[in-house]
Amino acid sequence: MSENKYEALFEDEDNIFGGSPQSKFWDIVNTASNDVVRDQLDQFFERFTVMETLLTKEHGEDGLNKVIKNYSFENGQEVEFNTKSTYIELTGEIVCRLDS
């Protein structure tokens, strides 16, 4: 089984849904209800803030920035892949809420 559930979507980025995961996210965000988008982004930023806070407590602010830069440099493909996955996940969450 695939290591990541979104792997097949990245095989031909230019043809998936007519663009990249990032471009499709912004297409959806620009057409979806502001309330749905704001709520979903609020949830995302809360999660990000919790993770950042936990890592800052462990590494300190300057240390955290170094850890992020080093990890991104050493694991660029993984970071790029996971960034695309995050865009797809957020897009899916917004789309799923449009019917509710």
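Since the model is a prediction, treat every value here as computed from it, not as a measurement.

Thresholds applied
Residues numbered from 1 in each chain as written. Predicted model: local features only at pLDDT ≥ 70, side-chain atom pairs only at ≥ 80, totals over all residues. Heavy atoms only, no water. Helix = DSSP H or I, 4+ residues; strand = E, 2+ residues; numbered from the N terminus. Buried < 20%, exposed > 50% of the residue type's maximum accessible area, 1.4 Å probe, protein only. Contact = heavy atoms within 4.5 Å. Expected span 1.5 Å × (residues − 1). pLDDT = per-residue confidence, 0-100. Axes fitted to C-alpha atoms, helices over the stretch in contact; angles between N-to-C directions. Parallel < 35°, antiparallel > 145°, perpendicular 65-115°, else oblique. Left-handed = near helix turned anticlockwise from the far one by under 90°.

This part covers the environment of Phe44. Secondary-structure assignment places Phe44 in helix H2 (residues 34-59). Judged by relative accessible area, Phe44 falls into the partly exposed class, the value being 30%. Remark: the alpha-carbon pair of Phe44 and Thr86, spanning 42 residues in sequence, is separated by 10.0 Å. With near-sequence residues (within four places) excluded, Phe44 lies in contact with Thr86 and Leu90.

With that settled, consider H2. End to end, H2 covers 36 Å across 26 residues, agreeing with the expected 38 Å (1.5 Å per residue, within 8%). Taken as a whole, H2 has its buried residues at Val36, Val37 and Gln40. Summarising the contacts, the buried residues of H2 are in contact with helix H1 (21-31) and helix H4 (76-98). Among the residues trailing H2, Gly60 stands out with phi positive, at a value near 75 degrees.

Moving on, we come to the confidence of the model for the protein. Chain-level pLDDT for the protein is 86 on average; 82% of the residues reach the 70-or-more range. Mean pLDDT values over the elements of the protein span from 92, in H1, up to 95, in H2.

Turning next to the packing of H2 against H4. It is the contact of H2 with H4, at a shortest axis distance of 10 Å, that shows an interaxial angle of 140 degrees. In terms of axis orientation, H2 runs oblique to H4. Pair H2 / H4 crosses with right-handed handedness. Residue-level contacts link Val36, Val37, Asp39, Gln40, Gln43 and Phe44 of H2 to Thr86, Leu90, Glu93, Ile94 and Arg97 of H4.

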